[in-house]
Every structure is written in C-alpha cells, then in structure tokens.
Amino acid sequence: AQSVTQPDIHITVSEGASLELRCNYSYGATPYLFWYVQSPGQGLQLLLKYFSGDTLVQGIKGFEAEFKRSQSSFNLRKPSVHWSDAAEYFCAVGPAGGTSYGKLTFGQGTILTVHP
Amino acid sequence: NAGVMQNPRHLVRRRGQEARLRCSPMKGHSHVYWYRQLPEEGLKFMVYLQKENIIDESGMPKERFSAEFPKEGPSILRIQQVVRGDSAAYFCASSTRVSNTEAFFGQGTRLTVV
C-alpha cells in the first residue's frame, strides 16, 4: 500500500532563513508527486508537481522540490522564507498513468512557523 | 473560469441529522474526488466519481456515507445520522481525464456535529 511520511510535524524558522521540508513515500510504481500548502481554515493550493523529466521542479512563491528516486524522497525547499509562508504543508503522491489523477495519498502535514 | 465550488463552507448538524455537502467541479472537469480531513491530520481519500458512476469508493466508511455525481448538477456527499466523530473538513477535488494533469481542490466544507 502506498504511504507518505512527513517526519517533521512542526518546523520553526526565522524570516529570511532557508527551509527544507522532508517527504518520503512508499509506492508500488513511479508516482506523481505534489506539494500543497494550506492556510488555516482554507483549502489546498498546489505549490508544485512532478510528473516526469527534470527531477528539480520549480513551483510558485519561490519554492522548489527535488525528486530522488533512490531515496524515495521529494523534499521541498525555499532559499529565503517570508512571514507569509507560515502555513501547513502537505506532500502527496498519486498514480502515474490511468485516469484517477486526483486519487492522492497525503502525508500528515508539516506546520511551518516563521519568526520575525 | 470559476474554481471548484463547495457549499456550504460551514455546516452545523445535531447528532442524528443528515448532512449534505455539495461540490461543483471546474468547468470541463468530469472527475470528482472527495477527501476528509480530521483535526490535525492529513487528507484521506474517500471516493472517486465520474458522471453517474462511482469509480472507487475504497475510502468510504461502510455505513451512513454515500456519494453521487449525477448527469446534471453538483456532486453530493451525504452523511446520514451524523455522529460527533464525523466533525471534519471535507474537501472536493476535480480533474479532467487528460494525462499529466493535477486535480484542483475546493475550499472545503467544515462540518461540526453538536
């Protein structure tokens, strides 16, 4: 069965510092990979996605993620965090191919707090 | 082009009542997915529907929960005889059937059972 692990439940960084959020997955085949962000009481916004090709993916708001097949990881990074980045971040995997692109398995989420 | 629309945004029900959650997919999207987010947890897949068909309901509780996506109108997630444990945020997502595309999420319906 597929699973997604986000080892860090809560991360605190100072504004301007770099950020890395970890994501490891277990999947039977090559998956599609996603990072979403959720502000309190809001829906999910897609930050970036990996389907194929270049393993370093650029997303919105200055985020990037790197797919490492050998480590089954898809870590999210940002070189300089802004106070507005404070939110909860979810890593998700989905089936590559077929038609059920929206059937995703989500991690538990990482809450990001940004100190001024 | 409006996004995925869910209503109501907030719903309060007493134990034993029925809850009906609606989801209108993005224009041109024929696939709908429902997810549940319990407090302090990630989203859990519930059901995947196409027009007039349930494709995958592997995440649906066996009792009291049902979903439909009729030929006309929004998709409905129905919870009968709600209990306090049903209190959660319910999210709908929609997608096309084109490959290499993602699903888009609605703002969610926050159900509170009192």
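These numbers were taken from a predicted model, which means no experiment stands behind them. (Residues numbered from 1 in each chain as written. Chains lettered and ligands numbered in written order. Predicted model: local features only at pLDDT ≥ 70, side-chain atom pairs only at ≥ 80, totals over all residues. Heavy atoms only, no water.)

A few points about the nonpolar core
- Counting residues in hydrophobic clusters, the biggest one holds 26 residues, and the most contacted among them are Leu19, Trp35, Leu47, Leu48, Phe74, Leu76 and Tyr89 of chain A.
- Examining the composition of this core, we find that four residues originate from one element, strand E10 (residues 87-95) of chain A, more than from any other.
- For leucine 19 of chain A, the residues in contact, after removing those within four places along its chain, are Ile11, Val13, Phe63, Leu76, Arg77, Lys78, Val81 and Leu112 of chain A.
- Counting residues in each nonpolar core, the second largest holds 23 residues, with Ala19, Leu49, Met60 and Phe69 of chain B among its members. (Core = buried A, V, L, I, M, F, W, Y, C linked by side-chain atoms within 4.5 Å. Buried < 20%, exposed > 50% of the residue type's maximum accessible area, 1.4 Å probe, protein only. Helix = DSSP H or I, 4+ residues; strand = E, 2+ residues; numbered from the N terminus. Contact = heavy atoms within 4.5 Å.)

Here's the deal with the side chain of serine 94 of chain B
Residue and element names in this part refer to chain B.
- Structurally, serine 94 can be placed in strand E9 (residues 88-95).
- Side-chain polar atoms of serine 94 contact the backbone nitrogen of methionine 26, separated by 3.3 Å.
- With near-sequence residues (within four places) excluded, serine 94 lies in contact with Val4, Pro25, Met26, His29, His31, Val32, Glu102, Ala103 and Phe104. (Polar contact = N/O pair within 3.5 Å; in protein donor to acceptor, adjacent residues only side chain to side chain.)

Observations concerning the pairing of strand E5 (residues 31-38) of chain A
Residues and elements named next belong to chain A.
- The buried fraction of E5 is high, at eight of eight residues.
- Covered by surrounding structure in E5 are Pro31, Leu33, Trp35 and Val37 together with Tyr32, Phe34, Tyr36 and Gln38, the residues of both alternating faces.
- The sheet contact formed by E5 and E10 spans eight bridges and is antiparallel. Bridged to tyrosine 32 within E10 is glycine 94.
- Taken together, the six bridges between E5 and strand E6 (residues 44-50) define a ladder with antiparallel strand orientation. Among the inter-strand pairings, glutamine 38 is bridged to a residue of E6, identified as leucine 44. (Pairing = 2+ DSSP bridges.)

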